[in-house]
Amino acid sequence: MSTKLDRLTELAKEEPKRQFFSIAHLITREALYAAFRSLRKEASAGVDGVTYQQYQEGAEGKIQELYQRLKDGKYQAQPLRRVYIPKENGKQRPISIPALEDKIVQKAMVEVLNAIYEQDFLECSYGFRPGRGQHQVGVIDQGQLLMSDKGTGQGQTISPLLANIYLHHVLDEWFEDVVKPRLRGEAHEIRFADDAILCFHYREDAEKVKNVLSKRFAKYGLTLHPEKTRLLEFGRYAEERAKRQGKKKPGTFDFLGLTHICARSRRGKFTVHVRTMRKRLRRSLTAVAKWCQEHRHAPVDEQQKILNAKLRGHYQYYGRPTNSQSLLKFYRGVVRIWRRWLNRRTRGNRMTWERYTELLRRHPLLPPRIRHVGTYPDSPA
């Protein structure tokens, strides 16, 4: 399968305009089984109620039967199960959960389509692409920013790829080939799935693009989020301009869970500092509290293991050189939350701070760690 995909990649790269009319033969039994093995084992079940663990029993026979249905043209996707999860603003985010076999087929198809479309995507696109991620997203050090946020249906394995394909044509190519040649100054795009920042050297360019962007999106049935699409002056000259306007500091913006701030390094040069978004920090601590409540009667060493895994994951994403204060807040919050819920199970034998300190000595929680050094230019280590 890998050799066939490599050949598909070569063909797509050699001839960008090439159209592929026969790729179904690449969805083999081996490809379907590999797709199944790559799925999240703890993911929610679809409308059929089948979990990963249930499907795992006799998986090879089930995969063979699924492959035969695909080959005979008898495969039919099942309806999606719609659930809602709370957002930071109090609203509900709709999530569409496909049945497990549909996840398998979508995952196998994504591998094939990635081999083709990965050759077309531009450097400004970072979301859900092989070898690219949130921590490679750069920030322009001067000019104006125009932010847009518009989501596609979430929860399906194939959704990120479809979003990338759609926005590659609707936004990326249009911005690169049509917009930038018509602007007075430099302009850059940074996009992660359906979140994007457009950066401009001159305000007039930013205003011009902002005025036509909604029309461009409407042409393809898309809309810009009215609260998240805005013009913001950001960069090395934003601080002095803000002072001339009577403001203490230039504005900040949120992107991929981090608040981005104009700052100065220890050497006095412009740099970008980041902090964990307050809403994200509260949401993360709320999730930890819920877990501690539900598992407060589990053995302490098991609780410690899971909590350290949660801390490690948090540090892995938010562990940026300028974000140490937010990491410390999260760590201290987890420490307090764990004590509170351990105290609920003592039945009158109160968990004092002295007892808790001794417990932490035997079962320590992972302290804050910086995971991503040197992501931004001139950032203090």
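Quick caveat: nothing in here was measured; it's all calculated off a predicted structure.

Parameters and conventions
Residues numbered from 1 in each chain as written. Predicted model: local features only at pLDDT ≥ 70, side-chain atom pairs only at ≥ 80, totals over all residues. Heavy atoms only, no water. Helix = DSSP H or I, 4+ residues; strand = E, 2+ residues; numbered from the N terminus. Buried < 20%, exposed > 50% of the residue type's maximum accessible area, 1.4 Å probe, protein only. Areas by Shrake-Rupley, 256 points an atom, 1.4 Å probe, with all protein chains shown as cover. Expected span 1.5 Å × (residues − 1). Contact = heavy atoms within 4.5 Å. Polar contact = N/O pair within 3.5 Å; in protein donor to acceptor, adjacent residues only side chain to side chain. Arc of directions from axis to C-beta.

*Asks:* Mind showing me how you'd approach the overall build of the protein chain here?
*Replies:* Across its full length, the protein chain carries 12 helices and nine strands. A buried classification covers 43% of the 381 residues belonging to the protein chain. Accessible area for the protein chain stands at about 21,700 Å²; split by element, carbon and sulfur atoms hold 49% of it.

*Asks:* Help me understand helix α10 (residues 300–318) in this model?
*Replies:* Every α-helix carries 3.6 residues per turn, so stepping three or four residues along brings you back to the same face. In this model, α10 (19 residues) spans 26 Å end to end at C-alpha, consistent with the 27 Å of a helix rising 1.5 Å per residue. Of the residues making up α10, those classed as buried are V300, Q303, Q304, L307, N308, L311, H314, Y315, Y317 and Y318. Where α10 is buried, its residues contact β8 (258–264), β9 (270–276), α9 (278–294), α11 (324–343) and α12 (353–362).

*Asks:* So what exactly am I meant to see when it comes to the environment of F270 here?
*Replies:* Residue position: F270 is located in strand β9. Taking the C-alpha atoms as reference points, F270 and G235, separated by 35 residues in sequence, lie 7.7 Å from one another.

*Asks:* Help me understand the side chain of T229, please; the structure alone is not making it clear to me.
*Replies:* Within the fold, T229 resides in the loop between α7 (203–219) and β6 (230–233). What makes T229 buried here is its relative accessible area of 12%. Of the polar contacts made by the side chain of T229, one reaches the backbone oxygen of H225; its length is 2.9 Å.

*Asks:* What exactly am I supposed to notice about helix α4 (residues 59–72) here?
*Replies:* With 14 residues, α4 should cover 20 Å at 1.5 Å per step; its first-to-last C-alpha distance of 20 Å lies within 8% of that length. For α4, the complete set of buried residues consists of A59, I63, L66 and Y67. Viewed end-on, α4 has its buried residues packed into an arc of 100 degrees, placing them on one side of the element. Structurally, α4 contributes buried residues whose contacts are with α2 (29–38), α3 (52–56) and α5 (100–117). Where α4 terminates, the next one or two residues include G73, which has phi positive at roughly 75 degrees.

*Asks:* Help me understand unusual backbone geometry, please; the structure alone is not making it clear to me.
*Replies:* In the Ramachandran plot, L256 falls in the positive-phi region, its phi being about 55 degrees despite a non-glycine side chain. With respect to the element layout, L256 can be found in the loop between β7 (253–255) and β8. Accessibility expressed as a relative area gives 15% for L256, which makes it buried.

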